[in-house]
Amino acid sequence: MSKTWSVDEHLEDILRSVRPLDPIELNLLDAQGCILVDDVVVPTALPPFDNSSMDGYAVRTADVEGASEEFPAVLSVIGDIAAGSQGLPTVASGEAARIMTGAPLPPGAEAVVPVEWTDGGTGGGPADAMPAHSDAPEGASSQVRVHRPVLPRQHVRAKGSDVKPGTVALKAGTVLGPAQVGLLAAIGRGAVTVRPRPRVVVLSTGSELVTPGEPLGPGQIHDANSFVLTAAARAAGAIPYRVGAVADDADTLRATIEDQLIRADLVITSGGVSVGAYDVVKEALSRVDAFRGGDEEDREDAVGDAVEFRRLAMQPGKPQGFGLIGPDRTPILTLPGNPVSAYVSFELFVRPALRTLMGQESVRRRTVRARLAVDSPLTSPAGKRQFLRGDYTPPGEEGELGTVRAVGGAGSHLIAALAQANALIDVPEKTDRLAPGEEVTVVPLD
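Given the structure is predicted, the values throughout are model-derived calculations rather than measurements.

A short note on the confidence of the model for the protein chain
Model confidence for the protein chain is summarised by a mean pLDDT of 89, while 91% of its residues fall at 70 or above. For the stretch residues 296–304, pLDDT sits under 50, and the model shows 18 contacts to residues farther than four places along the chain or on other chains.

Some thoughts on unusual backbone geometry
Glycine aside, residues mostly have negative phi, and peptide bonds are mostly found in the trans state. A cis amide bond links Leu46 to the next residue, Pro47, at an omega of -5°. With respect to the element layout, Pro47 can be found in the loop between β4 (40–41) and β5 (51–52). The linkage connecting Gln315 with the following residue, Pro316, adopts the cis geometry, with an omega of -5°. The topology assignment puts Pro316 in the loop between β20 (314–315) and β21 (319–325). Despite not being glycine, His155 shows a phi value in the positive range, around 60°.

Some words on the environment of Gly383
Here Gly383 lies in the loop between β24 (378–379) and β25 (385–393). On the basis of relative accessible area, Gly383 is assigned to the partly exposed category, the value being 42%. Once the C-alpha coordinates of Gly383 and Pro327 are considered, the two residues, 56 residues apart in sequence, prove to be 39 Å apart. Ignoring sequence-local partners within four residues, the contact set of Gly383 consists of Ala313 and Glu429.

Thoughts on the sheet that holds strand β7 (residues 73–81)
Sheet architecture is open: five strands sit in the order β9-β6-β8-β7-β10, paired in mixed fashion. A single partner strand is all that each edge strand has here, and the edge strands are β9 (111–114) and β10 (143–146). Strand-to-strand, the axes of this sheet are offset by a mean angle of 40°, without reference to chain direction. The pairing of β7 with β10 spans four bridges and is classified as antiparallel. Bridge pairing in β10 places Val74 opposite Arg145.

Thresholds, definitions, all that
Residues numbered from 1 in each chain as written. Predicted model: local features only at pLDDT ≥ 70, side-chain atom pairs only at ≥ 80, totals over all residues. Heavy atoms only, no water. pLDDT = per-residue confidence, 0-100. Contact = heavy atoms within 4.5 Å. Helix = DSSP H or I, 4+ residues; strand = E, 2+ residues; numbered from the N terminus. Buried < 20%, exposed > 50% of the residue type's maximum accessible area, 1.4 Å probe, protein only. Pairing = 2+ DSSP bridges. Axes fitted to C-alpha atoms, helices over the stretch in contact; angles between N-to-C directions.

Given below as structure tokens:
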């Protein structure tokens, strides 16, 4: 009788065989979701010059000392300074320059008075806003009454106050999200060296499978697996390619996979890995020469290892397969055909493999301890590590345990219950019964 593998043994074997993808340089938007290979050092200060944090007036602080609405400081406005302005005017004693948010602080000015602290050049009471330059160009060369004093450097963003040149903006290993892409753009980086998002080919097997949206015939079901696995791969950070369902024919399956290898860093199949007479994945991939051509040249380029099919001490997901195929030794994970089994197998085995390809430091999902809800006793088959779908509620206060309730039954076909779950309940192999209130290990699916 062949060996029965534990969940950890199977995962460790997969991770030993998977290596991070080679680094490439990508434009910023193409690099979103990827992981930095090297530290990014700031080349110049950010912001690169002193600039205004308010719409208002650039002034010398001595000119507005003691100013109030009753006794305003009256200054001559010498011009406008908008963001991007060059050839800045010098602010002398008794003068002010109308300045916009983000515009460079002009020579001579020491602070910025917000427009709300002035009459806006109207000669009236406190202003709510500046009139548009196109509507009132005279506002740049009139007088302004300042109703409040300012301190030196008030409302001024200092050069380098965000990041200074020579500092590390982002460390190697950082996942590039929107904020990180924005920072890279702000410091002038148009491209970065990253480990790319892995390309994942997803296909399901079964002559009974029909694409959603098409009518069902006798004995047919809609193909859910390729959709749930494609969505899961995308959520994990990969670039998935859904091939769809392949009929129960070994030659067709081999040809389909071989055609797809050109765009795959990893291949996922579902179905056809158990012990039935029509388990086409095992038939197609268990031979050592599964991807070898007929002549000597083809055989030299082909993979030398067959996909190994295993029995795992787990439920759902007992039948699994893993191997390296094709000339580039592309990892392939063959998952069971029941939807819940396929999804649980993805979370336990495929997702860690994808994160390894991406160069992530932490490849497994976090786990937490929780208490079983009072109405949720559990039973588990002896000798199998069970992964039940659960509804997990985090603790209300630090130091407490959250609670978890089993959702649906243990059946591997119950996809409706899977859609209501936000966690997996990890029941150890040697545990066959858990009472309400007992502690369990939970894998949040967030």
